[in-house]
Amino acid sequence: MELLIFYPLAGFCVVLALGVVLNNSPVGSAISLIGMMLGLAGIFVLQQAHFLAILQIIIYAGAIMVLFMFVIMLLNLKEGDDTGWIARERNLLLSVLTGLLAVGILYKISGILFTAEMDTPAILPDSFGTVATIGETLFTDFVLPFEVASILLLAAMVGAVVLAKTKLD
Amino acid sequence: MDWITEILNVTWNFIVLFLNENIPLVVGSVKAVIIAVAIMSVVPALVWLERRLMGRFQVRLGPNRVGPFGLGQPMADTVKLLFKESIIQSSADKFLFHLAPAVVVITAIAAFAVIPFGEPFEVFGQTIEMWGANVNSGILFVFAISGMGIYGMVLAGLSSNNKYSLMGGLRSSAQMISYELTLGLSALSIILLTGSLSLVDMVRAQETYPFILVQPLAFLLFFIAGIAETNRAPFDLPEAEQELVAGFHTEYTGMKFAMFFMGEYINMVTMSALVTLLFLGGWNAYGLPVWPIVSFAVKVFFLLCVFIWLRSTFPRIRYDRLMTFGWKILLPLCLLNLMVTSTVKVIWFP
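What counts and what doesn't
- Residues numbered from 1 in each chain as written.
- Chains lettered and ligands numbered in written order.
- Predicted model: local features only at pLDDT ≥ 70, side-chain atom pairs only at ≥ 80, totals over all residues.
- Heavy atoms only, no water.
- Core = buried A, V, L, I, M, F, W, Y, C linked by side-chain atoms within 4.5 Å.
- Buried < 20%, exposed > 50% of the residue type's maximum accessible area, 1.4 Å probe, protein only.
- Helix = DSSP H or I, 4+ residues; strand = E, 2+ residues; numbered from the N terminus.
- Contact = heavy atoms within 4.5 Å.
- Buried area = accessible area lost by both parts, 1.4 Å probe.
- Salt bridge = Lys/Arg side-chain N within 4 Å of Asp/Glu carboxyl O.
- Polar contact = N/O pair within 3.5 Å; in protein donor to acceptor, adjacent residues only side chain to side chain.
- Phe/Tyr/Trp six-rings, centres within 6.5 Å; stacked < 30°, edge-to-face > 60°.
- Axes fitted to C-alpha atoms, helices over the stretch in contact; angles between N-to-C directions.
- Parallel < 35°, antiparallel > 145°, perpendicular 65-115°, else oblique.
- Left-handed = near helix turned anticlockwise from the far one by under 90°.
- Nonpolar A, V, L, I, M, F, W, Y, C, P; charged D, E, K, R; others polar.
- Domains from an automatic or database assignment.

By size, the foremost hydrophobic cluster in this structure holds 110 residues, and its most contacted members are M69 of chain A together with I139, L199, F222 and L278 of chain B. Sort the elements by how many residues they give to this core and helix 11 (residues 254-279) of chain B lands first, with 13 residues. Residues contacting M69 of chain A, with those up to four places away along its chain left out, are V27, A30 and I31 of chain A together with Y151, V154, L155 and L158 of chain B. Counting five residues, the second largest nonpolar core, distinct from the first, contains L9, C13, M36 and I43 of chain A.

See below:
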């Protein structure tokens, strides 16, 4: 039953992820990305992580992608000319680095695939994925990374304000 | 002919067996259909109510020709909209142009799935709950889904290939981002009081008194942000007729045009229901001898009338003032309210 939902969702995600890369218009790419994030949220729900799924929708599919759309509208990018994915500028260094990253991820995934015990379903406690559990984990085991990340975000925000302000003056 | 009856019998037995084994699934599906149909049928009634009330507020009659009290007017309007020609300009992005109104309506209906409107009751040994789904973070679900609703307007603005529509889309996204903050932060003080994200728990926490008594500022902030989120006057900048020729839906005709309004009215009902659940005690009647669902409906109806009242009272505010109001007045007030609430809670009610 779970697989019956999982495979269509996963397929949906992969197709839309390809759509993000292969789409010629920026709007199309952005919409594929939103769809993919919604699909991912669906997979999170399937894994009993309801809170994470809702956060995925609010933060990624909602807030961040709205800003993307905002930028697309402001720049008013048009499809056509030679902005197609085939004609995009190639950079040797970037291609090599991306390739290395892909190989690394594949290596890791194959390691997991060959060693994991597929038949035994994970036993989850009732409180798994609830707001209380996630909050507790964030503020006990992962309090340092959490605080560092928040300072990083604050610095980025201040930086953005300063940059925008100098342009205005 | 025997084999036909045989096949029918086998099919019938299979259906009965399937239904018996999946009663929760059946009950859930029936509830989903009822909620979706009910919420869509509220829209024409609400349009009629708005036009009649607006007429009274502005010292004129309002629609009164079709049927008694003009009750047939929404029906006539719907028929007209259905038979109108659907015009799509040649420079528009066809797919996105069709997608945009659908996104608006679907998100509006989906957000209503987690709104509870009464205590569970028992029928035929089955406990029927008066909500579509009790998600354990229900209020976040509503915010998440209504956040997705922005894309309807943004896509409409983008795909129309029209300057005014684009401006409308831009405005709507900027406005929604700004006022979502206030909406979430003012709801956070209620979450602090109840210690739960579930809308059902929030109503149960208000059995003795409604939270509006202890959180009047949060109520005010939430309601203002709610009006801005539903794009209602005086915050209807995305569809400002005088500046933008109706904004993001300028290029839409017929039923697709009507779908934007359907979304807006459903969002209005959802927002009124949310305010009722968070601040007015939901279905709690506080000693009055009425059914819970009646108590809930009366509160929602009152808030809807307030929505209409505000629309006919206030002029639209200027765009820069809208942003200043959101970021420099509402947001600091929200943070202050949150600070005071959490301090009081930690010190006096640990």
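Take the interface of chain A and chain B next. Contacts between the two partners involve 22 residues from chain A and, on the opposite side, 21 residues from chain B. Here chain A and chain B share an interface that buries about 1900 Å² over both sides, 84% of which is from carbon and sulfur atoms. Summed over the three residues of chain A that lose the most area to chain B, namely I54, V66 and M73 of chain A, the buried surface amounts to 33% of that side. Linking chain A with chain B are zero salt bridges. Along the contact surface separating chain A from chain B lie three residue pairs in polar contact (both at pLDDT 80 or more). Only helix 2 (26-46) and helix 3 (50-75) of chain A provide two or more residues apiece to the side of chain A that touches chain B. The biggest single contributor to the side of chain A that touches chain B is helix 3 of chain A, with 14 residues.

Let us now look at the packing of aromatic side chains. All names here are of chain B. Tallied over the entire structure, the rule returns 12 aromatic pairs over all chains. Ring centres of Y179 and F235 lie 5.6 Å apart, and the angle between their planes is 50°; on these two criteria the pair is classed as tilted. Here the residue Y179 occupies a position in helix 7 (residues 163-194), and F235 occupies one in the loop between helix 9 (216-229) and helix 10 (241-244), the gap between them amounting to 56 residues. Geometrically, the ring pair formed by Y252 and F260 is edge-to-face, given 4.8 Å between the ring centres and 80° between the ring planes. By way of ring pairs, the aromatic residues F219, F222, F223, F279 and F307 are connected into one cluster.

Our next topic: the packing of helix 3 of chain A against helix 5 (residues 138-148) of chain B. Put simply, helix 3 of chain A and helix 5 of chain B touch, their axes get as near as 9 Å, and they point 30° apart. As judged from the angle between their axes, helix 3 of chain A and helix 5 of chain B are roughly parallel. You can see that helix 3 of chain A and helix 5 of chain B cross each other, and the crossing is left-handed. Judged by residue contacts, F51, I54, I57, I58, A61 and G62 of chain A of helix 3 of chain A engage L140, F141, A144 and M148 of chain B from helix 5 of chain B. Grouping the amino acids of the contact of helix 3 of chain A with helix 5 of chain B by side-chain chemistry returns nine nonpolar, one polar and no charged.

Before going further, it helps to examine the domain arrangement of chain A. Residues and elements named next belong to chain A. When the domains of chain A are assigned, the result is domain 1 (1-90) and domain 2 (124-169). Listed as interface residues are four residues of domain 1 and, on the opposing side, five residues of domain 2. Between domain 1 and domain 2 lies a buried interface of about 370 Å² when both sides are counted; carbon and sulfur atoms form 78% of it. Linking domain 1 with domain 2 are zero salt bridges, by the criterion used here. Our enumeration of links across domain 1 and domain 2 arrives at zero residue pairs in polar contact (both at pLDDT 80 or more). Looking at the side of domain 1 that touches domain 2 residue by residue, the classes come out as one nonpolar, three polar and no charged.

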